[in-house]
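Structural overview for review
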Amino acid sequence: MLVGAFTLLAGIILAAPWWFVPWTSRPRWRVIIGLTLCTVVWIGGWYGVTHQLL
């Protein structure tokens, strides 16, 4: 449970610049890319911590 919360927090922190920095005039793209990055970090981080990879 705690690992999931911390990996979600890490995903939000890494995705925040994609959401708040106006690097494109299309806000929809900023939201889509930020949410995708957040989800990948969240699921990948949780899986990497809770499962033995090697």
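Our structure is the block above this text.
To keep things clear, this report deals only with the structure shown in the data block.

Rules behind the numbers
- Residues numbered from 1 in each chain as written.
- Predicted model: local features only at pLDDT ≥ 70, side-chain atom pairs only at ≥ 80, totals over all residues.
- Heavy atoms only, no water.
- Helix = DSSP H or I, 4+ residues; strand = E, 2+ residues; numbered from the N terminus.
- Buried < 20%, exposed > 50% of the residue type's maximum accessible area, 1.4 Å probe, protein only.
- Contact = heavy atoms within 4.5 Å.
- Expected span 1.5 Å × (residues − 1).
- Bend = angle between axes of the 7 residues up to and from the residue.
- Patch = residues over 30% accessible without salt bridge, like charges linked within 9 Å, V, L, I, M, F, W, Y side chains within 5 Å.
- Areas by Shrake-Rupley, 256 points an atom, 1.4 Å probe, with all protein chains shown as cover.
- Salt bridge = Lys/Arg side-chain N within 4 Å of Asp/Glu carboxyl O.
- Phe/Tyr/Trp six-rings, centres within 6.5 Å; stacked < 30°, edge-to-face > 60°.

Once that is clear, we can look at the side chain of T7. In this fold, T7 is placed in helix 1 (residues 2-20). A relative accessible area of 10% means that T7 is categorised as buried. Residues in contact with T7, not counting those within four places in the same chain, are V41, W42, G45 and W46.

With 19 residues, helix 1 should reach 27 Å at 1.5 Å per residue; the first-to-last C-alpha distance of 27 Å fits that figure. Most pronounced at L14, the bend in helix 1 amounts to some 35°, and the proline P17 follows within four residues. Regarding helix 1, the residues found buried are G4, T7, G11 and A15.

Together, W18, V21, W23, W29 and I32 make up an exposed nonpolar region whose accessible area comes to about 500 Å². Looking at the element boundaries, W18 is found in helix 1.

Here we take up the packing of aromatic side chains. Within the structure shown, the criterion is met by 1 aromatic pair. Geometrically, the ring pair formed by W18 and W23 is edge-to-face, given 5.4 Å between the ring centres and 90° between the ring planes. Exposure remark for W18: the relative accessible area of 34% places this residue in the partly exposed category. When its relative accessible area of 41% is taken as the criterion, W23 is described as partly exposed.

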